[in-house]
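What the coordinates show
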Amino acid sequence: MWRKDFLLGVATAAYQIEGAVDEDGRLPSIWDTFSATPGKVLHGDTGAVACDHYHRWRDDVELIASLGVEAYRLSIAWPRVMDAAGRPNETGIAFYRNLLQALREKGIQTSVTLYHWDLPQHLEDAGGWRNRDTAYRFAEYADLMSRELAGLVDFWSTLNEPWCSAMHGYGTGHHAPGRTSVVEANQAMHHLLLGHGLALQALRRNDPASQKGIVINVGRGTTDGDTAADRRAAELFEMQHNDWVLDPLLKCRYPAALYEELWQDAAPPVHDGDLALIAAPLDFLGINYYFRTNVRADDNGGYVEVPLEGVERTQMGWEVHPDGLRDLLVGFHGRYANLPPIYITENGMACDDEVVDGQVVDGQRIAFLNRHLAAVDQAVKAGVDVRGYFIWSLMDNFEWAFGYERRFGIVHVDYATQRRTVKRSAQLVRDFLAQRRGRP
Ligand code: PNW
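Please read these numbers as outputs of a predicted model, since none were measured by experiment.

What counts and how
- In this numbering scheme, every chain counts its residues from 1 along its sequence in written order.
- Residue-level local features of this predicted model are given only where pLDDT is at least 70; pairs of side-chain atoms are given and counted only at 80 or more, and the full residue set underlies all totals for whole chains, interfaces and linings.
- Values shown for side chains rest on all heavy atoms present in the structure; no hydrogens or waters enter the calculation.
- Here a pair means two rings of Phe, Tyr or Trp (six-membered ring of Trp) with centres within 6.5 Å. Their orientation is stacked below 30 degrees between planes, edge-to-face above 60, and tilted elsewhere.
- The way it works is that DSSP assigns letters per residue, a run of H or I at least four long becomes a helix, a run of E at least two long becomes a strand, and they are numbered from the N terminus.
- Exposure is judged per residue with a 1.4 Å probe applied to protein chains only, and the accessible area is read against the type maximum: over 50% gives exposed, under 20% gives buried, and values in between give partly exposed.
- Angles run from 0 to 180 degrees between N-to-C directions of axes, and those axes are lines fitted to C-alpha atoms, restricted for helices to the stretch in contact.
- Throughout this description, any angle smaller than 35 degrees is read as roughly parallel, any larger than 145 degrees as roughly antiparallel, any in the 65 to 115 degree range as roughly perpendicular, and the remainder as oblique.
- Here a residue-residue contact requires only that any non-hydrogen atoms of the pair lie within 4.5 Å.
- Nonpolar residues are Ala, Val, Leu, Ile, Met, Phe, Trp, Tyr, Cys and Pro. Charged residues are Asp, Glu, Lys and Arg, and all others, Gly as well, are polar.
- Each residue is tested against the molecule or strand, and it is near if at least one of its non-hydrogen atoms lies within 4 Å.
- Any pair of nitrogen or oxygen atoms within 3.5 Å is treated as a polar contact; in protein, a donor-acceptor pairing is required on top of that, and neighbouring residues in sequence qualify only through side-chain atoms on both sides.
- UniProt positions are given in the numbering used here, feature names are shortened, and annotations may be inferred rather than shown by experiment.
- The quantity known as pLDDT measures the predictor's confidence residue by residue, on a range of 0 to 100.
- We define a nonpolar core as any set of buried Ala, Val, Leu, Ile, Met, Phe, Trp, Tyr and Cys residues linked to one another through side-chain atoms lying within 4.5 Å.
- Two strands form a pair only when DSSP identifies at least two bridges running between them.
- With the strands pointing away from the viewer, any crossover whose connection runs clockwise from the first strand over the helix to the second is right-handed.

1. What about the packing of aromatic side chains?
Under the defined criterion, the tally for this structure stands at 35 aromatic pairs. Residues Trp2 and Phe432 carry aromatic rings whose centres are separated by 5.2 Å and whose planes lie at 65° to one another, so their mutual orientation is edge-to-face. Pair noted here: Trp2 is in the segment before strand S1 (7-11) and Phe432 is in helix H15 (residues 427-437), with a separation of 430 residues, a long-range link. On the accessibility criterion, Phe432 (5% relative accessible area) is buried. Between Trp78 and Tyr115 the ring centres are 6.2 Å apart and the planes differ by 85°, which places this aromatic pair in the edge-to-face class. Note that Trp78 is positioned in helix H4 (residues 78-81) and Tyr115 in strand S3 (residues 109-115), a separation of 37 residues in sequence. For the pair Trp78 and Tyr115, one class covers both residues: buried.

Okay, here's the thing in structure tokens:
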């Protein structure tokens, strides 16, 4: 049975829903630049309008409340709340204060991420996350937000998925700013984590009553190969995705095997004292889980993805694999003696949903969510302290490099009219809470 305070919520991120990218003094972000660059985002979509949440936030708060969820995870757009000289933008700050107050009044707990990928473009022009200075700018931003919004936030997260920011932003180039260098990805990861450590200090100083943590994405890697090299490939995959981030946070060091087997000429730029800052205690760890990757050994001592045939996949092409979530949680519990309480801060799937007769019957998503909740329950029974689960996402939105073609919402958005239609999967929230609370 679920603990009575197991939190059920829905999640979004600023650039994916807000739109209004040049209103009220918002500065350009790296995602404005990237999405305006031909060939980077499917169909040339951008977040310029998105779900128009910046104008429709009052209705969206009513919508969230109508779903019955207990918590809402959102992110703050850094370029909305500070100008290029680092001075506060009062109009931008007021937007978030009003939003958080409205959620409070509805009794909805608030989980706020400071950085969900929308770096101010002027900071990228100065080197972005390759530049150590960006970590200090991020700490100033965290300091300002936690002074302005103290008391309105239940859960602060410094970063969303530093692995994606570092690897997709600076390594593969699939995300903004679209750079492609393993050396730069290592620089970016280290400066992101340093920024996290510095921001955590500011949050503790300014808003002591809140819970503070970080949100990471985790990857399950397994192999269908039967050689020792294939098994090592699967280990390397998980080291590269999970330990790269979790070891500095929880063990105060980067994994030695990554230096030896994958990085060679690309070590992170660590200064004395950095790791102690990065490894400061967390009140919670946010985990985003989506899929499993099948790998085999390549010819250079690394790994290569070999997609499995005949498995269920989502609209993203990602394999549906709930056991991976359970196995990762149980594995972290064994590996890290100081593992903080965990919230699943994102889990969900993209379906090709359509509105038919005013309804969206997304049966595949309902099954997906139920099976992943069951996997969490198994991890809890194995001793892992998981305290909540947030569905990605509240509503269909700008899915980064895939634009509007991928729909993750439990609420459908018709982008031509901005009409929201609650999907069948949203009913799952009520069913789950009724079950957790125990029917009278
Ligand atoms: C996460 N991958 O991104 C983000 O936090 C969300 O903003 C996003 O909408 C959601 O997952 C769905 O994609 C990811 O390629 C992006 O492994 C890419 C990957 C994983 C997560």
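Structure shown, so let's carry the discussion forward.
2. Brief notes about the packing of helix H3 (residues 53-67) against helix H5 (residues 90-105)
Axis separation between H3 and H5 bottoms out at 10 Å; the angle between their running directions is 10°. If you check the angle between H3 and H5, you find them roughly parallel. For the pair formed by H3 and H5, the contact residues are His53, Tyr54, Trp57, Val61 and Ile64 on the first element and Phe95, Asn98, Leu99, Ala102 and Leu103 on the second. Of the residues contributing to the contact of H3 with H5, the split by class is eight nonpolar, two polar and no charged.

3. Overview of the environment of Ala150
Take Ala150: it is sitting in the loop between helix H7 (133-148) and strand S4 (155-160). For the pair Ala150 and Tyr15, spaced 135 residues apart in the sequence, the C-alpha separation amounts to 23 Å. Discounting chain neighbours no more than four positions away, the residues touching Ala150 are Met145, Asn206 and Asp207.

4. Some remarks on the site of the ligand
Around the ligand sit 15 residues in total, of which Gln16, His116, Glu346, Glu399 and Trp400 are the nearest. The contact in question runs from an oxygen atom of the ligand to an N or O atom on the side chain of Asn160, over 3.0 Å. In this structure, an oxygen atom belonging to the ligand sits 3.1 Å away from a side-chain N or O atom of Trp392. With three residues, strand S6 (residues 284-297) is the largest single contributor of residues to the shell around the ligand.

5. Side note on the UniProt feature "active site" (unreviewed entry) in the protein chain
Sites flagged by UniProt as "active site" (unreviewed entry) map to Glu346. Among the secondary structure elements, Glu346 is positioned in strand S8 (residues 342-347). Take Glu346: its relative accessible area is 4%, and that puts it in the buried class. Discounting residues that sit within four places of it in the chain, Glu346 has contacts with Arg73, His116, Asn160, Glu161, Ile287, Asn288, Tyr289, Tyr290, Phe390 and Trp392.

6. Re the confidence of the model for the protein chain
Looking at the protein chain as a whole, its pLDDT mean stands at 97, while 100% of the residues score no less than 70. For this predicted complex, the interface confidence reaches an ipTM of 0.92, while the overall pTM sits at 0.97.

7. Some remarks on the nonpolar core
If you look at the biggest cluster of nonpolar residues, it comprises 122 residues, and the most contacted ones within it are Trp31, Ile76, Tyr115 and Met145. Apart from the residues lying within four places of it in its own chain, the contact partners of Trp31 are Tyr15, Val41, Trp117, His175, Ala176, Phe398, Trp400 and Ala401.

8. Details of the side chain of Arg220
Residue placement: Arg220 occurs in strand S5 (residues 211-222). On the basis of relative accessibility, which here comes to 18%, the residue Arg220 falls in the buried class. At a separation of 2.8 Å, a polar atom in the side chain of Arg220 contacts the side chain of Glu238. The contact partners of Arg220, leaving out residues within four places of it in the chain, are Phe237, Glu238, Tyr289, Phe291, Arg292, Thr293, Gly324, Asp327 and Leu328.

9. Details of unusual backbone geometry
The linkage connecting Ala176 with the following residue, Pro177, adopts the cis geometry, with an omega of 5°. When you line up the elements, Pro177 lands in the loop between helix H8 (162-171) and helix H9 (182-206). The omega torsion across Trp392 and Ser393 is 15°, close enough to zero to call that bond cis. Considering the arrangement of structural elements, one finds Ser393 in the loop between strand S9 (386-392) and strand S10 (411-414). A positive phi angle, close to 50°, is found at Glu161, a residue other than glycine. Of note, Glu161 is situated in the loop between S4 and H8. Taking the relative accessible area as the measure of exposure, Glu161 reaches 5% and is therefore buried.

10. Things to note about the pairing of S8
Of all six residues making up S8, six are buried, and the element is well covered by its neighbours. Sheet analysis places S6 next to S8, joined by four bridges and oriented parallel. Of the residues in S8, the one forming a bridge with Asn288 is Glu346. Relative to S9, S8 runs parallel, the two being bridged by four bridges. Paired with Asn347 across the bridge in S9 is Ile391. Between the parallel elements S8 and S9, the chain passes through helix H14 (residues 363-381) in a crossover that is right-handed.

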